[in-house]
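Per-entry structural report
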Amino acid sequence: MKIPLKYILGNFKTRRLTTGITVLGVALVVFVFAAVLMMANGVQKTLISTGSSQNVMIARKSANGEIGSIIDGESVNTIMTLPFIAKNAESKPIASGEPVVIINLDKIGGGMSNITVRGVSKEAFTLRSQVKLREGRLFNFGQREIIVGTSIEKRFNGAKIGDRVRFAGDDWEIVGVFDASGSGFESEMWGDAVQLLQAFNRSNSVSTLTLRLESEEKFEDFKKAFESEMRLKNFEPETEKRFFEKQSEMMSIFIKVLGIFITLIFSIGSTIGALITMYASVSSRTTEIGTLRALGFQRKSVMAAFLTESIFLSLAGAVLGILIASFLSFFTISTLNFGSFAELAFAFALSPSIVISSLLFALFMGILGGFLPAMGASRLKIVDALRSA
Amino acid sequence: MPNIVEIQSVSKSYKRDSLTIPVLQNIDLNIPEGEFLALMGPSGSGKSTLLNLIAGIDRPSAGSVIVGGINVGTLNETALAAWRSSHVGFIFQFYNLMPVLTAFENVELPLHLTKLSKKERNDHVRKVLDIVGLGDRMDHYPNQLSGGQQQRVAIARAIASDPTIIVADEPTGDLDKTSAGEIMTLLSRLNSELGKTIVMVTHDPSAAERAHTQRHLDKGALA
Amino acid sequence: MLIKLLIKNSLRHKLRTMLTIVGIAIAVIAFGLLRTVVTAWYAGIEASAANRLIVRQSVSFIFTLPYAYREQIARVPGVETVSFFNWFGGVYIDKNQFFARMACDPNTLLDVYPEFITDKTDFENFKKERNSCIVGSKLAEQYNLKIGDVMNMDGDIYPGQWQFTVRAIYKPRDKTVDATQMFFHWAYLDERMKQDSPGRDGQIGWYVVKIKDPGQSAAVSEYIDGLFKNSRAETKTETEKAFQQGFIAASSAFISAMNGMSFVIIGIIMLVLGNTMIMSARERTREYAVLRTLGFSNPFIMVFISGESIFISLLGGALGLLLMIPFVNGFESAMPKGWFPIFNVANSTIVLSMVCTFLIGVLASLFPIQRALKTKIVDGLRYIG
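Residues numbered from 1 in each chain as written. Chains lettered and ligands numbered in written order. Predicted model: local features only at pLDDT ≥ 70, side-chain atom pairs only at ≥ 80, totals over all residues. Heavy atoms only, no water.

With respect to the overall build of chain C
This is how the line gets drawn: Runs of H or I in DSSP of at least four residues are treated as helices and runs of E of at least two as strands, each being numbered from the N terminus. Radius of gyration: C-alpha atoms only; globule rule: 2.2 Å multiplied by the number of residues to the exponent 0.38. Only protein chains enter the calculation, and the probe is 1.4 Å; a residue is then buried if its accessible area is under 20% of its type maximum, exposed if over 50%, and partly exposed in between. Each accessible area is a Shrake-Rupley estimate made with a 1.4 Å probe; only the visible protein chains count as cover when residues are assessed.
Each helix and strand counted, chain C has 15 helices and 13 strands in total. In terms of overall size, chain C is more extended than a compact globule, its C-alpha atoms giving a radius of gyration of 29 Å where 385 residues would be expected to give roughly 21 Å. A burial count over chain C gives 55% of its 385 residues as buried. Summed over all atoms, the accessible surface of chain C reaches about 15,800 Å², with 59% contributed by carbon and sulfur.

Here it is, written out as structure tokens:
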């Protein structure tokens, strides 16, 4: 004989306050759990869209990020002669040698941060097709003009069309705003590579070189050709995707480790909260349990009833927690990416797997928290239970 | 004998959701000093309510309850609490001892509301525990005592601060015949030897017999 | 005796009280961990000295300043010592070894950073040898470096293979000083640049200026910046504290997220404790009514209930603090080495935790108190748990 669901659920109504508090507690824990996963996922998503696997990025070996890399003009020319590079309509390699620097701007709302300024060639827009002009116009090559990513325009002072940014001894006018499908490029400013090189007095030493391969599969072949060229021994190729991924590895690891620690701690706390509630639930219904058993319900039915109650509480809390967490997806965080030493904006990204993980997590807590009390309830001797009236 | 308790035109009703339920209708009652009164009546007759009014743990909806010359209905909560501590000794049906305190400590509890020194408190407690015959079980916890013994501790607690009146709500309700008899003997002694005024609510005829006076309540009115 | 009543009441339901204490302890650990991460972030500010100014390229920290500025800055009224550094970066062993690697001016290093304590003879040796370096004691410990060991580095900003011999080790004067830094001769860097990349020599990363009077920091900063205004490399001079704060501001979103989480944690503690208190108070409805019958006043009941709540809460807080240290250490070892050069549980964190648990003890008892006082004595007496 199974104990009717109505009995189990009816008990929630009687002990509304403590039930509500327990559910809220679980909801908060699940919220934090989901929020951390959403942050890590958000960073991941930004990176995935930042790099294409058909593009290859060349940087100096052992460079920590684009900032630390330098490729001199001669090496750039050598690289351009390698095979497997896609060519454009004029049979020139689709490549963009990019000097990358960091400048400081004030954030709207106080404080300052570092912004990546990237000098690009015309091919950069072919290489990065996700970059699309949204407002204003593209900068004129040969002039000291720049376009800014939407994330920068939104968050920083003096980053609107018409504003001038001062660096390298000159004023650069912002003439356009671009978005880039939520990728890392949205946190950058772009200008003419030649102009930037001149301004920074770097002759023709760029930071990195980005090329398009004939096809994704040719990467290994390209890499072999690259490595067999002795003049290029100081540099290494990487798919663009992987390159940017590595630049945010530190941040991802940090978020994940902190997240795991916090979640671990929280889950123990939440299980304890569930334990307290369930034990109290059992002890207040000792007479009822005795009565049910006297009526003929089996021990395991009693156990199942209480376990169900605990699972129900946890799942209710989980749903609430996920619901609140889903509101986070309206927010984007922009913060310093330790790897690139510059701003990176990413959103809280909810995914089906996060929802499922959260539910499983809560389920696990519910089972853990309900198991012992439920077992205790099922083990009560009928006479003892009835006598405790 | 002067009247210790004077109840004049007292009515009491309760509000349950939107319903007003009358419990006591226009009660007049005088209780002289040294009286041992038993209030009887069927369940729902209002006898416990009347007791609660006398003990100062509830207020009348109308009329006045004067105990020891003080109109208790006019006192505010704080004053009422202070008044109770020195004027009322309450004995409950289910003893209501603090399970985490020993018999000694349970009896000592109300004395903390007085200005007695520790030594004076100790003496008092020992004295009343002797009176109720539990001098040798001072350090026992309630769960180590029988029902009758627990009630005796409760009685000791009730008389510890030498109150004006003793109020008992079904004092023998949870006891077997022998223990009930012992308790009633004790209460009789308190009344006859120590002159304590006792108002008792009971539906047990053998308990009521031990009182001097019996009054009946039915549907909120004194018969 | 009333204290005894209070304590005994708390321990009546041993299992539940134990669970509550553990629950609170756990939340306190989480709280402590988050706060420690946040304070680690602010470590740079803690280590700042009021009489140090940082002069950097105004556009951004990564652009260099001419070495020639040095003399001009030294002549500014109020300036006591001028030192300078270059961020070297590079790779030591592999890309996952995070610690500061900088070129410095050995002659003025200890003047501007008196918190580096080092052996006089060793330091003289460091000064004499062009390609030597000085490392912090914590760094030496992490990599098992002794005087005479050679550190091989693969430069990125300054390309090529570099070798430095450890000639001195510095100890931090107090807890706030970063003991994981490595410094070598700027002259060595400059020499190499003249050889390998002419045009990149004669450049320093930033100046550290020690001023005579901290009260003059704003004036001196302005003066210095005025010297180089409208030049090719304009400067931005600010106190070391302001400089560090700039970095933190860049990560403010992150820090806010962590502070936000700390609040959530406090909320959770309150819920756990509040839940327990509500249950306890509810069970004792009759007892509270009896106490009030006996004449104990409402204020007494309030103190009684909140006393129990605070007692449990403080026990949980104390247990949490005890366990916090091992947890924090565990977290530090799980993070890539060198991520947070300074990672301690700050005194402020300890104090904050205890104050919070106390307040939570009070707050968690509010609802049960309200309920207990609102219940009429007669109703309370009738209550069956």
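The structure having been displayed, the exposition proceeds.
Points about the environment of Ser 75 of chain A
All names here are of chain A. The condition that has to hold: Two residues qualify as a contact provided that any one of their heavy atoms is within 4.5 Å of a heavy atom in the partner residue.
Residue position: Ser 75 is located in helix H3 (residues 73-80). Separated by 136 residues in sequence, Ser 75 and Leu 211 have C-alpha atoms that sit 14 Å apart. In this view, Ser 75 contacts Leu 232 and Phe 235; residues no more than four positions away in its chain are not counted.

Some details on helix H1 (residues 47-55) of chain B
All names here are of chain B. Burial runs high along H1: eight of the nine residues are buried. Those residues of H1 lying buried are Lys 47, Thr 49, Leu 50, Leu 51, Asn 52, Leu 53, Ile 54 and Ala 55. Remark: Gly 56 follows H1 within two positions and exhibits a positive phi of approximately 80°.

Notes on the interface of chain A and chain C
Heads up, the condition is: Note: buried area is the sum, over both parts, of the accessible area (probe 1.4 Å) each one loses when the two are combined. Contacts described as polar in this section are N or O atom pairs within 3.5 Å, which, within protein, must combine one atom able to donate a hydrogen with one able to accept it, while residues neighboring in sequence count only if both atoms come from side chains.
The partner chain C presents 61 residues to the 57 residues of chain A that form the contact. Counting the surface chain A buries against chain C, the share from its top three residues, Phe 254, Ile 265 and Ile 276 of chain A, is 12%. Our count for the contact surface shared by chain A and chain C stands at five residue pairs in polar contact (both at pLDDT 80 or more). Counting only elements with at least two residues in the side of chain A that touches chain C, the list comes to helix H2 (16-50), strand S3 (100-106), strand S4 (112-120), strand S7 (164-167), helix H9 (249-284) and strand S12 (332-337) of chain A.

Let's talk about the confidence of the model for chain C
Parts of the prediction with low pLDDT should not have their coordinates interpreted in detail. We count it as follows: A residue's pLDDT is the confidence the predictor assigns to it, expressed on a 0 to 100 scale.
For chain C, per-residue confidence averages 88 on the pLDDT scale, and 99% of positions sit at 70 or higher. The secondary structure element of chain C with the lowest average pLDDT is helix H1 (residues 2-10) of chain C, at 80, and the one with the highest is strand S10 (residues 182-185) of chain C, at 96.

A word on the interface of chain C and chain B
To keep things clear, this is the line we draw: A pair is scored as a salt bridge if a Lys or Arg side-chain nitrogen falls within 4 Å of a carboxyl oxygen belonging to Asp or Glu. Classes in brief: Ala, Val, Leu, Ile, Met, Phe, Trp, Tyr, Cys and Pro nonpolar; Asp, Glu, Lys and Arg charged; the others, Gly included, polar.
Taken together, the 22 residues of chain C in the interface contact 24 residues of chain B. In this structure, the connection of chain C to chain B is made through one salt bridge. In this structure, Lys 4 of chain C and Glu 105 of chain B form a salt bridge, with 2.5 Å as the shortest nitrogen-oxygen distance. Where chain C packs against chain B, one counts six residue pairs in polar contact (both at pLDDT 80 or more). Where the side of chain C that touches chain B is concerned, the elements lending two or more residues are H1, helix H12 (285-294) and helix H15 (377-382) of chain C. With seven residues, the single largest contributor to the side of chain C that touches chain B is H12 of chain C. A class-by-class count of the residues in the side of chain C that touches chain B yields 10 nonpolar, four polar and eight charged.

Overview of empty space enclosed by the protein
So the rule is basically this: Every definition here rests on a 1 Å grid over the protein atoms only: cavities are sets of points where a 1.4 Å probe fits but cannot get out, pockets are open sets enclosed by protein on both sides within 12 Å along at least five of seven lines, and lining residues have some atom within 4 Å of a point. Grid points are joined across faces, edges and corners, and a volume is the space filled by probe spheres set on the points.
Evaluation of the coordinates by the stated rule reveals nine cavities of 30 Å³ or more. Here the largest cavity is characterised by a volume of approximately 170 Å³. Taken together, 17 residues line the largest cavity, and the ones lying closest to its centre are Thr 116, Glu 188, Phe 244, Gln 247 and Ser 340 of chain A. For the lining of the largest cavity, the elements supplying multiple residues, two or more each, are H2, S4, helix H8 (240-247) and strand S13 (342-347) of chain A. Taken together, the residues of the lining of the largest cavity sort by class into six nonpolar, seven polar and four charged. Considering only enclosed or pocket space, the second largest cavity measures out at about 120 Å³ in volume. Together, 14 residues line the second largest cavity, and Thr 22, Gly 25, Gly 273 and Ala 274 of chain A together with Val 272 of chain C are the ones closest to its centre. Counting only elements with at least two residues in the lining of the second largest cavity, the list comes to H2 and H9 of chain A together with helix H11 (252-283) of chain C. Considering each element in turn, the lining of the second largest cavity owes the most residues, six residues, to H9 of chain A. Considered class by class, the residues forming the lining of the second largest cavity number seven nonpolar, seven polar and no charged.

Here's the deal with unusual backbone geometry
For residues that are not glycine, phi is negative in most cases, and the peptide bond is trans in most cases. In this structure, Phe 84 of chain A is a non-glycine residue whose phi angle is positive, near 75°. Following the sequence through the fold, Phe 84 of chain A ends up in the loop between H3 and strand S2 (95-98). Residues other than glycine seldom take positive phi values, yet Asn 96 of chain B does so here, at roughly 55°. Relative to the helices and strands, Asn 96 of chain B resides in the loop between strand S6 (88-91) and helix H3 (103-108). By relative accessible area, Asn 96 of chain B is classed as buried at 11%.

Description of the arrangement of the chains
Highest in contacts among the two pairs of chains that touch are chains A and C. Separating chain A from chain B is a minimum C-alpha gap of 13 Å, and the two share no contact.

Regarding the side chain of Ser 281 of chain A
Its place among the elements puts Ser 281 of chain A in helix H9. On the basis of relative accessibility, which here comes to 2%, the residue Ser 281 of chain A falls in the buried class.

A look at the nonpolar core
Spelled out, the test is: For the purposes of this section, nonpolar cores are sets of buried Ala, Val, Leu, Ile, Met, Phe, Trp, Tyr and Cys residues that join through side-chain atoms within 4.5 Å.
Of all hydrophobic cores here, the largest spans 138 residues; its most connected members are Phe 254 of chain A, Ile 7 of chain B together with Val 37, Trp 41, Phe 331 and Phe 340 of chain C. Among the elements that make up this core, the one with the highest residue count is helix H2 (residues 14-41) of chain C (15 residues). Ignoring anything within four residues of it in the chain, the contact list for Phe 331 of chain C reads Val 257, Leu 258 and Phe 261 of chain A together with Leu 33, Val 37 and Phe 343 of chain C.

Details of the environment of Met 193 of chain C
All names here are of chain C. Along the polypeptide, Met 193 turns up in helix H8 (residues 186-196). C-alpha of Met 193 to C-alpha of Leu 273: the two residues are 80 residues apart in sequence and 64 Å apart in space. With residues up to four places along the chain from it excluded, the contact list for Met 193 reads Tyr 158, Trp 162, Pro 198, Arg 200 and Asp 201.

Section: the packing of H9 of chain A against helix H11 (residues 299-326) of chain A
Residues and elements named next belong to chain A. Basically, it comes down to this: Throughout, an axis means a line fitted to C-alpha atoms (over the contacting stretch in the case of helices), and angles, computed between N-to-C directions, take values from 0 to 180 degrees. Throughout this description, any angle smaller than 35 degrees is read as roughly parallel, any larger than 145 degrees as roughly antiparallel, any in the 65 to 115 degree range as roughly perpendicular, and the remainder as oblique. In a left-handed crossing the near helix is turned counterclockwise from the far helix by less than a right angle, and in a right-handed crossing that turn is clockwise.
Orientation of H9 relative to H11, taken along the N-to-C sense of each, is 140°, at an axis distance of 11 Å. In terms of orientation, H9 lies oblique with respect to H11. In this structure, the crossing between H9 and H11 has a hand that is right-handed. Across from Thr 277, Met 278, Ser 281 and Val 282 in H9, the residues of H11 making contact are Phe 306, Glu 309, Ser 310 and Leu 313. Here the contact of H9 with H11 is composed, by residue class, of four nonpolar, three polar and one charged.

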